[in-house]
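# Residue-level structure breakdown
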Amino acid sequence: MAEHAAVNRRVVGSSPTRGAKPRLLVGVSRFKVGVNMFFVYALYSSKFNKIYIGQTVDLDKRLTEHNAGLSFYTKRFMPWEIVYTEKIKTRTEAMKREKQLKSQKGREFIWNHIRKENTAGL
């Protein structure tokens, strides 16, 4: 009986009081605390003539993940190279800009940027 009572013993303060609401950390990234900048980026696969648009806090790490086949969509079209980036202050703004670039006009903008880069390199 003593063992059973010890297992079911309730620790004082372990449960929130009735009506308590969970605290949300406002303005804190899920991935890194204290991050100052976010990146919206466009990748290009010259082998498959494909583009990919995304956003991240660590551009180098994200490119490595894409080229290592760790992303469901991008693993089929490796290798990738970064062709466009923008620095943005908040994740909310970065997600909004990513959505804009994924629109038809945004994709047109990225394709024009790639064409311009290719003709400048000739």
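Quick note: structure is the one above.
Cut-offs and rules
- Residues numbered from 1 in each chain as written.
- Predicted model: local features only at pLDDT ≥ 70, side-chain atom pairs only at ≥ 80, totals over all residues.
- Heavy atoms only, no water.
- Phe/Tyr/Trp six-rings, centres within 6.5 Å; stacked < 30°, edge-to-face > 60°.
- Helix = DSSP H or I, 4+ residues; strand = E, 2+ residues; numbered from the N terminus.
- Buried < 20%, exposed > 50% of the residue type's maximum accessible area, 1.4 Å probe, protein only.
- Contact = heavy atoms within 4.5 Å.
- Pairing = 2+ DSSP bridges.
- Axes fitted to C-alpha atoms, helices over the stretch in contact; angles between N-to-C directions.
- Parallel < 35°, antiparallel > 145°, perpendicular 65-115°, else oblique.
- Nonpolar A, V, L, I, M, F, W, Y, C, P; charged D, E, K, R; others polar.

### Points about the packing of aromatic side chains
Under the definition given, this model contains seven aromatic pairs. Relative to Phe77, the ring of Phe48 lies with its centre 5.5 Å away and its plane at 75 degrees, an arrangement referred to as edge-to-face. You can see Phe48 sitting in the loop between β1 (38-45) and β2 (50-56) and its partner Phe77 sitting in the loop between α2 (59-67) and β3 (81-88), a full 29 residues away along the chain. A relative accessible area of 37% means that Phe48 is categorised as partly exposed. When the centroid spacing of 6.1 Å and the interplanar angle of 25 degrees are considered together, the rings of Tyr52 and Tyr73 count as stacked.

### So, the environment of Met78
Note that Met78 resides in the loop between α2 and β3. Of the residues examined, Met78 reaches a relative accessible area of 28% and is grouped as partly exposed. Every residue in contact with Met78, bar those within four places of it in the chain, is listed here: Lys47, Phe48, His66, Asn67, Ala68 and Gly69.

### Quick notes on the sheet that holds β1
As summarised here, the arrangement of the three strands in space is β2-β1-β3, forming an open sheet in which the pairing is antiparallel. The strands lining the two open edges of the sheet, one partner per strand, are β2 and β3. Going from strand to strand, the sheet's axes swing by 15 degrees on average, the running direction of each strand aside. The pairing of β1 with β2 spans seven bridges and is antiparallel. Counterpart to Leu43 in the pairing with β2 is Tyr52. α2 rests against β1, β2 and β3 of the sheet, and its axis sits at about 30 degrees to β1.

### Let's talk about the packing of helix α3 (residues 91-101) against helix α4 (residues 104-120)
The contact between α3 and α4 brings their axes to 5 Å, and the two run at 80 degrees. In terms of orientation, α3 and α4 fall into the roughly perpendicular class. In this structure, α3 contributes Arg97, Gln100 and Leu101 to the contact, and α4 contributes Gly106, Arg107, Phe109 and Ile110. Of the residues belonging to the contact of α3 with α4, the class tally is three nonpolar, two polar and two charged.

### Brief notes about the pairing of β1
Sheet faces and side chains relate simply in a regular strand, where the side chains alternate between the two faces. Within β1, eight of the eight residues are buried, which leaves it mostly tucked inside the rest of the structure. Where β1 meets β3, seven bridges bridge the pair, whose relative direction is antiparallel. Following the sheet pairing, Leu43 is matched in β3 by Ile82. Here β1 folds back onto β2, and the loop between the two strands holds four residues, one of which, Asn49, carries a positive phi near 55 degrees.

Don't take any of this as a statement about function, it's just geometry.
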